[in-house]
Each structure stands twice: as structure tokens, then as C-alpha cells.
Amino acid sequence: MRFGQALDDVFKYGHTMRRECWNDELHVGYRLPDGRSDLTTGYFYVKCDDVTAPYIPDALDMTAHDWVVDE
């Protein structure tokens, strides 16, 4: 599916998503800041095993058609 379609599920249902060409353990999600965060707006993150880091999609990811949603 396209990036925007996958994002719809991430925003609406709190699912994560990944590209089919990525490692099965790598997932992208979206979070709203909580009381422990210095951030004041929502942000994308990428998670692999026990490591979570900020994620900024690039042009290749945003134009890809191989996104899948993890429910």
C-alpha cells in the first residue's frame, strides 16, 4: 500500500507500519508527547527490538508502494 494509506491506519488506530523490504522487526509508529517528553507535538518513531529512535521519512519511503500495516 502507499505511504499515505498506511499513515491513515497509524493515525486512526494506533497501528505501526513497515516496508516489505525492511527487516520484520523494524516498525514505524506515531506518538503524542506525554508528561515526560520535551516535545510539544506528535512525532514519528522507528522501533527495532528494544531500540526506539526518531524517524523522518525520506522521498523514497514516501513514494514507495510496499508499506504494510501491523495490527
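Quick look at the structure, then. In this text, all values refer to a predicted model and were calculated from it rather than measured experimentally. (Residues numbered from 1 in each chain as written. Predicted model: local features only at pLDDT ≥ 70, side-chain atom pairs only at ≥ 80, totals over all residues. Heavy atoms only, no water.)

Comments concerning the packing of aromatic side chains
Counted by the stated rule, this structure contains 6 aromatic pairs. Ring pairs connect the aromatic residues Phe3, Trp22, Tyr55 and Trp67, which therefore count as one cluster. The side chain of Arg31 reaches across the aromatic face of Tyr45, ending 4.1 Å from its centre. (Phe/Tyr/Trp six-rings, centres within 6.5 Å; stacked < 30°, edge-to-face > 60°. Lys NZ or Arg CZ within 6 Å of the ring centre and 35° of its normal.)

Things to note about helix 1 (residues 3–13)
All of the buried residues along helix 1 are Phe3, Ala6, Leu7 and Val10. Buried residues along helix 1 cover an arc of 105° about the axis, so they all sit on one side. Looking at helix 1, the residues exposed on the side facing more than 90 degrees away from the buried face are Lys12 and Tyr13. Tucked inside the fold, the buried residues of helix 1 contact strand 1 (16–19), strand 2 (26–31), strand 3 (43–48), helix 2 (59–63) and strand 5 (67–70). Trailing helix 1 by a residue or two, Gly14 shows a phi angle of about 75°, which is positive. (Buried < 20%, exposed > 50% of the residue type's maximum accessible area, 1.4 Å probe, protein only. Helix = DSSP H or I, 4+ residues; strand = E, 2+ residues; numbered from the N terminus. Arc of directions from axis to C-beta. Contact = heavy atoms within 4.5 Å.)

Comments concerning the state of the cysteines
A disulfide bridge is the covalent bond that connects two cysteines by way of their sulfur atoms. Summed over the entire model, instances satisfying the criterion amount to 0 disulfides. Free cysteine Cys21: the closest other cysteine sulfur is in Cys48, separated by 14 Å. Residue class for Cys21 comes out exposed when judged on its relative accessible area of 54%. (Disulfide = S-S within 2.5 Å.)

Considering the pairing of strand 3
Pairing between strand 2 and strand 3: 6 bridges, direction antiparallel. Bridge assignment links Gly29 to a residue of strand 3, and that residue is Tyr45. As judged from the 4 bridges shared by strand 3 and strand 4 (residues 51–54), these two strands associate in the antiparallel manner. Residue pairing across strands places Val46 opposite Ala53, the latter belonging to strand 4. (Pairing = 2+ DSSP bridges.)

Treat this as a map of the structure, not an account of what it does.
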